[in-house]
Amino acid sequence: WKVMWERYTTATDDATKFFTLQNLEVILKAFYKDFGDQQRHQVRNAILSIFNDHLATLDKSLLINKVGAIYCILLRYDYPDKWTSAFEDLFTILEAQKDSVLIDRFTFIIFSILVVFDEEMIEFVQQLAQEDRAISMRIKDHMRGSIVPKLVQMSKTILDNYASGTGSNYRLETILKCLKNLSNLFDWIDIEYVFHYGFIDLMMTYMGSPNTQTASMEVFTTIIDKGMDIEKKVSVIENTNIIQTLQKIDPNDEEVAMSDLPTAVGECIESIGNFVVQSIPLVDTSMELRAKLCTMLNSALNLAFVYFDQENVGVSETLLTFLSNYISYLKRVTITDEDLGHIGKICTTISRRAEASEGFFEIASEGGEFETFHRYRLDLATLFKNLLKLDPVQSQIVLYVQQTLDQMLASLERSTVEKIE
């Protein structure tokens, strides 16, 4: 590792720098856990020296990502027990910068490290081994002390300045990385940070810009997914006019369709819809709150039908979860004529998608796509089964399902028909 680090510090071209960092990452990933305390201390100082002494030349995304990945390896094994100051060390380096370009660059580096670290050690905690899960919990507990407040305050200041036009020193890439980090962070920190610092209004401001619309909507969706009182969450949805914001986005617009925005919209619709169908049965029928929830449900369903109709299987899969939850919700309430209308729309929308696109059901068996589409077909089958379980003698529902299946099968090639059957 010393050879690689020394080679990096003397390299003059980016290719050599990247090569040495890549080797350094491989070496530390394999052997760092076996290093003694003194050697680990040397490695940490060496990586910090890259930030302190070579930040001016650390100007390519490939290099930044590699150094960030290496820093995350050290965090994985040393933070917080052996390296309590890991994040404070980064903040100290940031505070020492005077040049606006380097301030922006190192801010980007900090957010990049946090995003990778969150995804590897925090966000996917259920997929980690038992030992790593315990580490993840310790990491969260330690970060909640002084790191989270500092990160939240730093993010708020940067986003406020950028939104007001006074933060022109920050590049758009840094703002997007900041928003991504907030989306991860809000998933596990106290909801009061969101309200205390006014992040909800700030996200609505950022949704007004095409460059930050998708990233800020992902943050807002994370907030909606947080646990809070039903009335408070309804107030957030109402006061932000988020549903009206979603309604104004045209999914048929070519730029929108080619971007990640439909996916963000689909996830936002799903979050609002799932919250509503879980909440309605908990609220007394005479309460004004229930009427508000029912209105939100109708709006979420209508948006879901619009986006389910698009040629975006990922969005359709997300919304299928919401529609299935809606069907399950109907088991707990009295089915109205309006609900029957929604069921009809669900069935006709699915059949229309089947007629419009063979790829809606035909499976490409490359990579992870096969599993996604296979699960998607099973989700469709479950949706139809749940529809029929609502009321076996409800002839209108039976007719909807039968017509939909007939239309689906009639529009497909024989090989696909066999899969559907």
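Residues numbered from 1 in each chain as written. Predicted model: local features only at pLDDT ≥ 70, side-chain atom pairs only at ≥ 80, totals over all residues. Heavy atoms only, no water.

1. What to know about a negative patch on the surface
- On the surface, a cluster of negative charge is contributed by Asp250, Asp253, Glu254 and Glu255.
- Counting through the fold element by element, Asp250 comes out in the loop between helix 14 (242–248) and helix 15 (254–257).
- Note on Asp250: relative accessible area 41%, which makes it partly exposed. (Patch = residues over 30% accessible without salt bridge, like charges linked within 9 Å, V, L, I, M, F, W, Y side chains within 5 Å. Areas by Shrake-Rupley, 256 points an atom, 1.4 Å probe, with all protein chains shown as cover. Salt bridge = Lys/Arg side-chain N within 4 Å of Asp/Glu carboxyl O. Lys, Arg positive; Asp, Glu negative; His and termini not counted. Charge placed at Lys NZ, Arg CZ, Asp CG, Glu CD. Helix = DSSP H or I, 4+ residues; strand = E, 2+ residues; numbered from the N terminus. Buried < 20%, exposed > 50% of the residue type's maximum accessible area, 1.4 Å probe, protein only.)

2. Section: the pattern of salt bridges
- By the definition in use, this model includes 14 salt bridges.
- Where Arg40 meets Asp78, a salt bridge forms, and the shortest distance between an N and an O atom there is 2.6 Å. In this pair, Arg40 sits in helix 3 (residues 37–54) while Asp78 sits in helix 4 (residues 61–78), placing the two residues 38 residues apart along the sequence. Residues Arg40 and Asp78 agree in their burial class; the two are buried.
- When the shortest N-O distance is used, the salt bridge between Glu192 and Lys232 registers 3.7 Å. Of this pair, Glu192 sits in helix 10 (residues 192–196) while Lys232 sits in helix 13 (residues 230–240); the two residues are 40 residues apart in sequence, bridging distant segments of the chain.
- Several salt bridges share partner residues, and in doing so they unite Asp14, Asp59 and Lys60 into one network.

3. What about the environment of Pro80?
- Position of Pro80 relative to the elements: it lies in the loop between helix 4 and helix 5 (86–96).
- By relative accessible area, which is 8% here, Pro80 ends up buried.
- Distance in space between the C-alpha atoms of Pro80 and Asp141 is 9.6 Å, their sequence separation being 61 residues.
- For Pro80, the residues in contact, after removing those within four places along its chain, are Arg138, Ile139 and His142. (Contact = heavy atoms within 4.5 Å.)

Note that every value here comes from positions in space, so none of it alone points to a role or purpose.
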